[in-house]
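Close look at the chain arrangement
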Amino acid sequence: MTAAAEIAQESLLWTHEALGLRAVADSAGSVRLTDADHHWDSLVPVVEVVLTGHGRTWSGERFIDTTVGNRLVLRDHDTVEDGQWRHTTIRLTDPQTRLAADVTLSTVPGSGFLRSQVRLVNEGDSPLHLESVSTLTLGGIVDRAAGLDGLTLHWADNDWLAECRWRQAAFRDQVVPLNRAAHGHEGRGCFERYSQGSWSTGRHLPLAALTDGGEGAWLWQIESSAGWRYETGEREGAAYIALFGPDDAHHQWRQTLAPGQEFTTVPAVLVRARTGGLDGAFGELTAYRRRIRRDHPDHRALPVIYNDYMNTLMGDPTTDKLLPLIEAAGAAGAEVFVIDAGWYDDDAQGWWDAVGAWEPAGRRFPGGIQEVLDAIRQHGMTPGLWLEPEVVGVRSPLADTLPPEAFFRRGGVRITEHGRHHLDLRHPAARAHLDQVVDRIVGEWGVGYLKLDYNINIGPGTENDTESAGAGLLGHHRAHLDWLASLLDRHPDLVLENCGSGGLRMDYAQLAVTQLQSTSDQQDPLRYPPIAAAATTAVTPEQAAVWAYPQPHFDLDEIAFTMTTALLGRVHLSGFLDRMDDAQSALVRSGVDVYKRIRSEINDALPLWPLGLPSWDDEWLAHGLRTDSATYLALWRREPTPSGTEALENAGSRTLRLPHLTGTPPRVELLYPTDAGATAIWDAATAHLTVALPRPNTAVLVRLGTTGGERS
């Protein structure tokens with residue numbers, strides 16, 4: 001019997017035509033997802049669960065081949081419609097432990113994504129101790145022509161000041177062939193990436209991809225601020241993917257389910273692009289992200305934001321320093337003005353380990369902070385403030401007045417990290433304190449924008465009684481998301497920016513609630529382009545807050561360079577705009593004006609990378625947004641690295657292939673800057689655009705408008 005005939009005899013429970021996926025059950029009731037004509041053994045059970053005392057059937061680094069996962073059998077399944085969404089729930093049970101597992105597969109008909117969550121219920125008479133549970137698994141992935149040899153693996157490293165650094169390698173370089181037939185067993189290892197501690201993206205992004213030798217791609221994302229892990233490896237001659245939230249081995253997460261208790265995993269999504277490669281897959285993921293996030297008026301308006309911190313006041317705001325910046329920011333076209341860190345600093349020993357009360361510093365604002373907030377409004381801008389709500393400094397009075405149970409603890413000892421304690425937002429006193437702070441700042445002071453920062457990694461989490469540290473972190477994380485949503489329920493016009501020392505908590509648990517994401521704290525304008533160009537792999541363009549920090553000591557090329565970096569995301573202006581000459585001010589204002597012309601299109605645009613995903617030291621970088629009527633391209637030319645091998649005759653230009661514009665001659669327009677010597681020439685026969693930048697460390701924003709398209 002062929003593999004195709006074998007699977008055809010199984011019970012078909014669910015199918016997704018766009019992804020080419022099926023959920024099938026064998027005669028024993030085991031359920032697996034498949035996308036291809038492969039032997040049953042190359043697939044993976046639809047849920048993998050490690051219970052203490054039940055472990056795995058094949059020991060190693062993998063979290064598949066679990067004893068419980070192999071025992072789970074089908075009870076029933078159903079499908080319900082919820083607006084545009086279609087949810088299919090497959091209900092399984094383990095006859096031995098009576099653990100029930102409900103797998104909910106959610107999608108929108110015609111889309112290229114599949115979202116999954118798993119709900120576990122202990123229907124037995126004895127406690128069950130969870131050590132890991134998968135949210136989504138899939139096996140049977142190969143390149144149709146070359147098998148596993150044709151697959152390429154893509155993943156993203158992340159770090160402070162160096163976010164979104166994508167890497168790639170042949171699948172076989174990471175998962176080597178072991179000659180399964182000679183040993184009678186699969187390997188014990190896999191390719192894995194996972195988070196560590198409370199910075200969900202402090203090491204890697206919670207997403208990765210497999211591409212084939214053509215234009216096909218599988219792309220996945222895990223939505224958790226409290227621990228995540230993915231693995232991919234070989235199973236019976238095909239690749240598999242397994243996506244997890246926190247687990248015991250990597251996050252000190254263990255969850256005890258007493259009889260009748262339940263647990264629901266963090267969500268994860270799988271995207272498939274049959275054409276377009278990574279660009280196509282990230283386009284599908286971008287559309288998915290827009291579907292799952294909370295609806296906000298800010299997502300349509302995209303106001304220009306000025307923030308006084310980066311390369312400017314750097315946490316030292318005063319009335320005298322702010323008033324000229326406010327006037328200059330308003331003249332430059334900013335629509336929000338954010339007073340960043342330090343506004344609460346009235347402590348002679350410094351504010352870092354004394355924060356928590358969030359009251360304005362009298363010595364910084366002799367006339368009161370309302371004088372500054374009123375000045376912001378008088379210049380036509382919405383006032384904003386920086387806040388780090390989850391921490392309390394060790395010298396803050398709140399460290400003694402709030403109950404010990406309101407803080408993270410391990411072994412009964414309150415955790416201290418970098419001079420701070422960490423609030424547990426499951427405790428009513430912690431939440432009441434922060435509600436009072438925000439309601440005062442927003443409701444009484446009239447602040448309409450909060451930059452919510454998060455500058456410590458508290459480690460695996462907090463323990464209460466028998467609770468594991470990882471379970472405590474997940475509990476706090478879910479309470480934190482609920483608190484953020486409650487703020488927006490009470491203050492529907494409030495804008496929340498998610499920041500974690502830049503991009504160290506850049507996940508779609510947070511970004512499904514908040515409007516913006518800080519992409520980096522990078523202060524070097526020449527280092528920011530690879531971060532900005534890759535940021536839309538991690539967030540939607542309209543949520544990607546990118547610094548543009550022109551300075552009075554910059555020449556015009558440098559000003560245009562830093563401004564261009566932000567124009568396809570959310571412009572976060574900074575810099576001493578009040579000290580610029582007329583030419584510098586005009587160049588800044590023209591960049592803001594260009595952004596205001598195109599921003600309405602950013603909301604629905606899909607990202608693309610005509611030169612591929614950027615590398616950290618690339619001399620040339622390109623990032624684009626594609627709409628129905630236009631394609632926008634930001635290109636940067638930096639000084640070549642000492643090891644660069646670029647041919648001198650091509651050093652000043654790059655040719656970009658834009659196949660989606662084949663047969664549609666576009667109108668090419670240099671949007672910004674308009675007079676720096678850049679050129680852009682379209683070759684209709686090859687669908688190639690050649691862009692020349694005559695000097696290193698220059699950049700340009702290009703618009704290619706399709707015939708009949710409207711001007712932005």
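Reading guide: rules and limits
- Residues numbered from 1 in each chain as written.
- Predicted model: local features only at pLDDT ≥ 70, side-chain atom pairs only at ≥ 80, totals over all residues.
- Heavy atoms only, no water.
- Pairing = 2+ DSSP bridges.
- Helix = DSSP H or I, 4+ residues; strand = E, 2+ residues; numbered from the N terminus.
- Axes fitted to C-alpha atoms, helices over the stretch in contact; angles between N-to-C directions.
- Contact = heavy atoms within 4.5 Å.
- pLDDT = per-residue confidence, 0-100.
- Phe/Tyr/Trp six-rings, centres within 6.5 Å; stacked < 30°, edge-to-face > 60°.
- Buried < 20%, exposed > 50% of the residue type's maximum accessible area, 1.4 Å probe, protein only.
- Lys NZ or Arg CZ within 6 Å of the ring centre and 35° of its normal.
- 1 Å grid on protein atoms, 1.4 Å probe; cavity = no way out; pocket = protein on both sides within 12 Å on 5 of 7 lines; lining within 4 Å.
- Points joined across faces, edges and corners; volume = space filled by probe spheres on them.
- Nonpolar A, V, L, I, M, F, W, Y, C, P; charged D, E, K, R; others polar.
- Core = buried A, V, L, I, M, F, W, Y, C linked by side-chain atoms within 4.5 Å.

**Digging into the sheet that holds strand β39 (residues 698-705)**
- Spatially, the five strands line up as an open sheet ordered β32-β33-β34-β39-β36, and their pairing is antiparallel. Bordering the open sheet on either side are β32 (606-608) and β36 (667-672), each of which pairs with just one other strand. Strand-to-strand, the axes of this sheet are offset by a mean angle of 25 degrees, without reference to chain direction.
- The pairing of strand β33 (residues 620-626) with strand β34 (residues 630-637) spans seven bridges and is antiparallel. By the bridge assignment for β34, His623 is matched with Ala634.
- Each of β34, β36 and β39 touches helix α15 (residues 556-566); the most contacted strand, β39, lies at about 50 degrees to it.

**Side note on the confidence of the model for the chain**
- Counting all residues, the mean pLDDT for the chain is 95, and 96% of those residues have values of 70 or more.
- Every residue in residues 1-5 is under pLDDT 50, and counting partners more than four places away or in other chains gives six contacts.

**A word on the packing of aromatic side chains**
- Evaluated as defined, the whole model comprises 20 aromatic pairs.
- Relative to Tyr230, the ring of Trp228 has its centre 5.9 Å away and its plane inclined at 10 degrees; by these criteria the two rings are stacked.
- Both rings, one in Trp351 and one in Trp386, keep their centres 6.1 Å apart while their planes meet at 65 degrees; by these two values the pair is edge-to-face. Here Trp386 lies in strand β22 (residues 382-387) and Trp351 lies in the loop between β21 (336-339) and α10 (369-378), a separation of 35 residues in the sequence. Each member of the pair, Trp351 as well as Trp386, is classed as buried.
- By the ring-pair criterion, three or more aromatic residues cluster together here, those being Trp343, Tyr344, Trp351, Trp352, Trp358, Trp386 and Trp445.
- Lying over the aromatic face of Phe63, Arg56 brings its terminal NZ or CZ to 5.5 Å of the ring centre.
- The residue whose ring lies beneath Arg505 is Tyr454, and the NZ or CZ to ring-centre distance is 3.9 Å.

**Overview of the side chain of Thr34**
- Relative to the assigned elements, Thr34 resides in strand β3 (residues 31-34).
- Overall, Thr34 belongs to the buried group, its relative accessible area being 0%.
- Beyond its immediate chain neighbours, meaning those up to four positions away, Thr34 contacts Gly20, Leu21, Arg22, Val24, Leu43 and Leu138.

**Quick look at empty space enclosed by the protein**
- A complete count under the given rule lists six cavities of 30 Å³ or more for this structure.
- Size it by volume and the largest cavity reaches roughly 70 Å³.
- Lining the largest cavity are 15 residues; nearest its centre among them are Ala532, Thr565, Leu568, Gly569 and His623.
- Where the lining of the largest cavity is concerned, the elements lending two or more residues are α14 (528-538), β30 (544-548), α15 and β34.
- Looking at the lining of the largest cavity, the element that brings in the most residues is α14, giving four residues.
- Residues that form the lining of the largest cavity fall into these classes: ten nonpolar, five polar and no charged.

**Some thoughts on the nonpolar core**
- Counting residues in hydrophobic clusters, the biggest one holds 164 residues, and the most contacted among them are Phe337, Trp343, Leu450 and Leu573.
- Ranked by the residues each element gives to this core, the list is headed by helix α13 (residues 469-490), at nine residues.
- Among the nonpolar cores identified, the runner-up in size contains 30 residues, and Ala209, Ala281, Leu511 and Ala534 belong to it.

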